[in-house]
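If you want the building blocks of each chain, they are given just below.
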Amino acid sequence: MKQEGHTLYFATSPHKEVYRQLQESPNIGLLAMDGNISVRATGHAVFDVSDDVAREIYADNPVLPRLYKQYTDLAYFRLPVAKLDYYDLTPTPPVLEHYKYSEQD
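Since this is a predicted model, take the numbers as computed values, not measurements.

Engineer: An account of the environment of T90 is requested, with residue identities and associated values reported.
Structural biologist: Position of T90 among the secondary structure elements: in the loop between β5 (75-88) and β6 (95-100). A polar atom in the side chain of T90 sits 3.4 Å from the side chain of N36.

What follows is the structure, given as structure tokens:
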């Protein structure tokens, strides 16, 4: 929904299973792939998103107002990316770059 530096922001319904799971265990692993390139990011969900950022996320996403009557119907969290792995299988040898942004994990 939003990115600031190494922090990604998300919104979900507090009634969804994913919200309950994140409350029980805030560990997150994301994997994105496009062709021969993949990026894996890990970190811990933090549910301390400011009201101003929550309003901005809601207002800037055209889908959210269609699904939820007001921004307060959602739960907002951020993922400070602790580690990131970048893989590119195109060249020989393949490229692997590892970044560590915090001491988490």
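Engineer: Now, about the packing of aromatic side chains: what can you tell me, with residues and values included?
Structural biologist: The final tally for this structure, using the stated rule, is four aromatic pairs. Taken together, a centroid distance of 5.6 Å and an interplanar angle of 85 degrees make the contact between Y19 and F47 edge-to-face. Here Y19, found in helix α1 (residues 17-24), pairs with F47, found in the loop between β4 (37-44) and α2 (51-60); they are 28 residues apart in sequence, far enough to count as distant. Owing to a relative accessible area of 21%, Y19 belongs among the partly exposed residues under this scheme. Residues Y99 and Y101 carry aromatic rings whose centres are separated by 6.3 Å and whose planes lie at 5 degrees to one another, so their mutual orientation is stacked. Taking relative accessible area as the criterion, Y99 reaches 34% and is therefore assigned partly exposed. Members of the aromatic cluster, each reached through a chain of ring pairs, are F10, Y19, F47 and F77.

Engineer: Before we move on, can you summarise the environment of Y76 with the specific residues and values?
Structural biologist: Looking at the element boundaries, Y76 is found in strand β5. Since its relative accessible area comes to 9%, Y76 is described here as buried. Residues Y76 and Y19 lie 57 residues apart in sequence; the distance between their C-alpha atoms is 9.7 Å. Every residue in contact with Y76, bar those within four places of it in the chain, is listed here: F10, A11, F47, V49, A54, I57, Y58 and Y71. A polar contact is formed between the side chain of Y76 and the backbone oxygen of Y71, at a distance of 2.9 Å.

Definitions and limits used
- Residues numbered from 1 in each chain as written.
- Predicted model: local features only at pLDDT ≥ 70, side-chain atom pairs only at ≥ 80, totals over all residues.
- Heavy atoms only, no water.
- Helix = DSSP H or I, 4+ residues; strand = E, 2+ residues; numbered from the N terminus.
- Polar contact = N/O pair within 3.5 Å; in protein donor to acceptor, adjacent residues only side chain to side chain.
- Phe/Tyr/Trp six-rings, centres within 6.5 Å; stacked < 30°, edge-to-face > 60°.
- Buried < 20%, exposed > 50% of the residue type's maximum accessible area, 1.4 Å probe, protein only.
- Contact = heavy atoms within 4.5 Å.

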